[in-house]
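Report on the structure
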Amino acid sequence: MTIDSQQKTSKFKWGEMDEDDDLDFLLPPKQVIGPDENGLKTTIEYKFNDEGNKVKITTRTRVRKLASARLNKRAMERRSWPKFGDAANEEAGSHLTMVSTEEILLERPKAPGAKTDESKAGGDSLSQLGKGGAVLMVCRICHKKGDHWTSKCPYKDLAAPTDTFIDKPTTGETSTISAAPGTGKAAYVPPSMRAGADRSAGSDMRRRNDENSVRVTNLSEDTREPDLMELFHPFGAVTRVYVAIDQKTGVSRGFGFVNFVSREDAQRAINKLNGYGYDNLILRVEWATPRPT
Amino acid sequence: MRPILMKGHERPLTFLRYNRDGDLLFSCAKDHTPTLWFADNGERLGTYRGHNGAVWCCDISRDSSRLITGSADQTAKLWDVKSGKQLFSFKFGSPARSVDFAVGDQLAVITSDPFMERTSAIHVKRIAEDPEDQIGDSVLVLESPEGRKRINRAVWGPLNQTIVSGGEDAVIRIWDTETGKLLNESNEEVGHKKTITSLCKADDDSHFLTGSLDKTAKLWDMRTLTLIKTYTTGVPVNAVAMSPLLNHVVLGGGQDASAVTTTDHRAGKFEAKFYDKILQEEIGGVKGHFGPINALAFNPDGKSFSSGGEDGYVRLHHFDSDYFNIKI
């Protein structure tokens, strides 16, 4: 076999070649070594690349024996069947079959007890928030709390239409519009600024977020959000972690914010971590100053 | 588990089938070439060249020597499994949608689609021992009462006495294979509301599972056609499979192919969903496909399953050991 191919090459003259002629017969045959005791199979192929250079392609594949593959006699025989169709002249590097790099799990729809765990982990303030949500459900017709929404009210037809749904351009309601900043009738007034709007709720919310926000400065460039999370979550439930990243360079700007669910946790984190050596720098942890409003 | 990804097809998968011994996996796709894979490591063993249209379905004889495929090129072909050579071609005037070998591999049932003035029909062909003697004549032709509606799947009942069919008219029918008479129809009240896309028999032929675009899969008694269980899922069901080992059923689906590009793949729910067969409760989902799942098959040993998607991939999953002790 090898002698044959040598003879061929000796007879071969470059000048007689057409450009498009297949040079494949010049290549040494494909070699398959193994699989060895470690399950490594080596395939050596030769090929001409686009520039006409001979390229040696060595592919190492791990042949894994799948656990307890008990094959019967006929299946064993089929193992050694020669490949046919398109598979017969398949290149070693074609990678038709790959093992997923991703670990796929059978995802349970709801792990047992998952719901109760969540509410416990949420802490006091979150559960209070949940209760507040229930009270939010107030029917505008019969003023019953937490039972049904306005649209589902059983007394819908009995009650007189409430004034919230009707424009009353002629009555005193217009005074709110004219009283609002801006002179024209068409001036837009955000709902929170309108008369009767509960302004305290909005500002409360804002303050609550800011209060539990902790600023971390003097971070090293390599510190990312997951690192901060790892650093701060032992102190209590963390709602948000943010590290400022320079938009252009993509490098950390050396500071970040961590929001806690409860104020006490945040205070403990500040007490403990202010002046803490992290990644050869000394952290500075303090309350984020509320923005001037 | 780390699934094995097999990218042998360039078009969406349509059907998957294991052989009886569970060492070979056959895949059909819209790209004309059914492909044979080793079912343990996913290595490609060969392809069957000769079809000139999408291949909708295939079946493998019990001794793994013959393969039959049904294709949109209006033929059903018999193949030699080992060499990939075509042995015979049954010609129809319309696409062949479903094929199934009878017990004993002497007969095969092939369904043909409604096409032009032709109505959908179920053909029973005799499979000769020697491919030289093979003839294309039908032993029996069954005409569906709803001839304009496609029959998506027809399989043999117990002891080849009946044929069970389901299709676009959402009715499951049981036919007598001796006389060709319609024996039973599924109850309209409890039956599917939309197209039946898939049908899967239990190993012992006592019951079967159907999947439908009405977002449910139903388990039926094979003899009496009484509804046993219903599995409700959030998406149209394209493929169903039953575990031969545990009391699990797997449903695969996703939203319509036309809506795929406009939605996020996380919203598409392209997962194979496992349900407890008896309690009808969801056990879990296996994600990974980037398109709806069109084909599902369980290895006869029940320790692995494969899914084929609109994305052109076959994903072969060998279960982790903890799968076998899942408790509801």
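Residues numbered from 1 in each chain as written. Chains lettered and ligands numbered in written order. Predicted model: local features only at pLDDT ≥ 70, side-chain atom pairs only at ≥ 80, totals over all residues. Heavy atoms only, no water.

In the annotation of an unreviewed UniProt entry, chain B is listed under the name Eukaryotic translation initiation factor 3 subunit I and assigned to Cardamine amara subsp. amara. UniProt lists a comment for chain B under the heading Subunit (unreviewed entry), and it reads "Component of the eukaryotic translation initiation factor 3 (eIF-3) complex." Its UniProt record gives chain B the following Subcellular location (unreviewed entry) comment, quoted word for word: "Cytoplasm". (UniProt positions renumbered as here; feature names shortened; annotations may be inferred.)

Where an unreviewed UniProt entry is consulted, chain A appears under the name Eukaryotic translation initiation factor 3 subunit G, with the organism given as Cardamine amara subsp. amara. Taken directly from UniProt, the Sequence similarities (unreviewed entry) text for chain A runs: "Belongs to the eIF-3 subunit G family."

Each helix and strand in chain B was counted, giving 0 helices and 28 strands. For chain B, the proportion of its 328 residues judged to be buried stands at 62%. Taking the intrachain contacts of chain B between residues at least 6 apart in sequence as the baseline, contacts between residues at least 24 apart amount to 44%. Carbon and sulfur atoms make up 47% of the accessible area of chain B, which amounts to about 12900 Å² in all. (Helix = DSSP H or I, 4+ residues; strand = E, 2+ residues; numbered from the N terminus. Buried < 20%, exposed > 50% of the residue type's maximum accessible area, 1.4 Å probe, protein only. Contact = heavy atoms within 4.5 Å. Areas by Shrake-Rupley, 256 points an atom, 1.4 Å probe, with all protein chains shown as cover.)

Right, let's talk about the pattern of salt bridges for a bit. Applying the stated rule across the entire model yields 20 salt bridges over all chains. Within this structure, A:R74, A:R78, B:D21 and B:D23 form a network of salt bridges that share partners. (Salt bridge = Lys/Arg side-chain N within 4 Å of Asp/Glu carboxyl O.)

Turning our eyes to something else, we now look at the pairing of strand β6 (residues 55-60) of chain B. Side-chain positions along a regular strand alternate between the two faces of the sheet. All names here are of chain B. Most of β6 is tucked away: 5 of the 6 residues are buried. When β6 meets strand β7 (residues 66-71), the two strands line up antiparallel, connected through 5 bridges. For C57, the partnering residue across the bridge sits in β7 and is G70. Hairpin connection from β6 to β7: 5 residues lie between these consecutive antiparallel strands, with S64 at a positive phi of about 60°. (Pairing = 2+ DSSP bridges.)

All names here are of chain B. Where burial is concerned, most of strand β8 (residues 75-80) is hidden: 6 out of the 6 residues are buried. The side-chain alternation of β8 yields two buried faces, one formed by T75, K77 and W79 and the other by A76, L78 and D80. With 5 bridges joining them, β7 and β8 adopt antiparallel strand pairing. Considered in β8, the bridge of T69 is made with K77. What sits between the antiparallel neighbours β7 and β8 is a turn of 3 residues, in which Q74 has the positive phi angle 70°.

Residues and elements named next belong to chain B. As summarised here, the arrangement of the 4 strands in space is β6-β7-β8-β9, forming an open sheet in which the pairing is antiparallel. Of all strands in the sheet, those bounded by a partner on one side alone are β6 and β9 (86-91). Ignoring which end each strand starts from, the neighbouring axes of this sheet average 20° apart. Relative to β9, β8 runs antiparallel, the two sharing 5 bridges. Opposite W79, over in β9, you have Q86 as the bridge partner. (Axes fitted to C-alpha atoms, helices over the stretch in contact; angles between N-to-C directions.)

All right, on to the UniProt feature "repeat: WD" (unreviewed entry) in chain B then. All names here are of chain B. Following the UniProt record, one finds the feature "repeat: WD" (unreviewed entry) at residues 6-47, 48-89, 151-185, 189-230 and 286-316. Here residues 151-185 runs as 0% helix and 57% strand, with 14 Å between its end C-alpha atoms. The span residues 286-316 is 0% helix and 52% strand, and its two end C-alpha atoms sit 11 Å from each other.

Time to look at the confidence of the model for chain B. Parts of the prediction with low pLDDT should not have their coordinates interpreted in detail. Residues of chain B with pLDDT of at least 70 account for 96%, and the chain-wide mean is 91. Here the predicted complex carries an ipTM of 0.79, next to a pTM of 0.63. (pLDDT = per-residue confidence, 0-100.)

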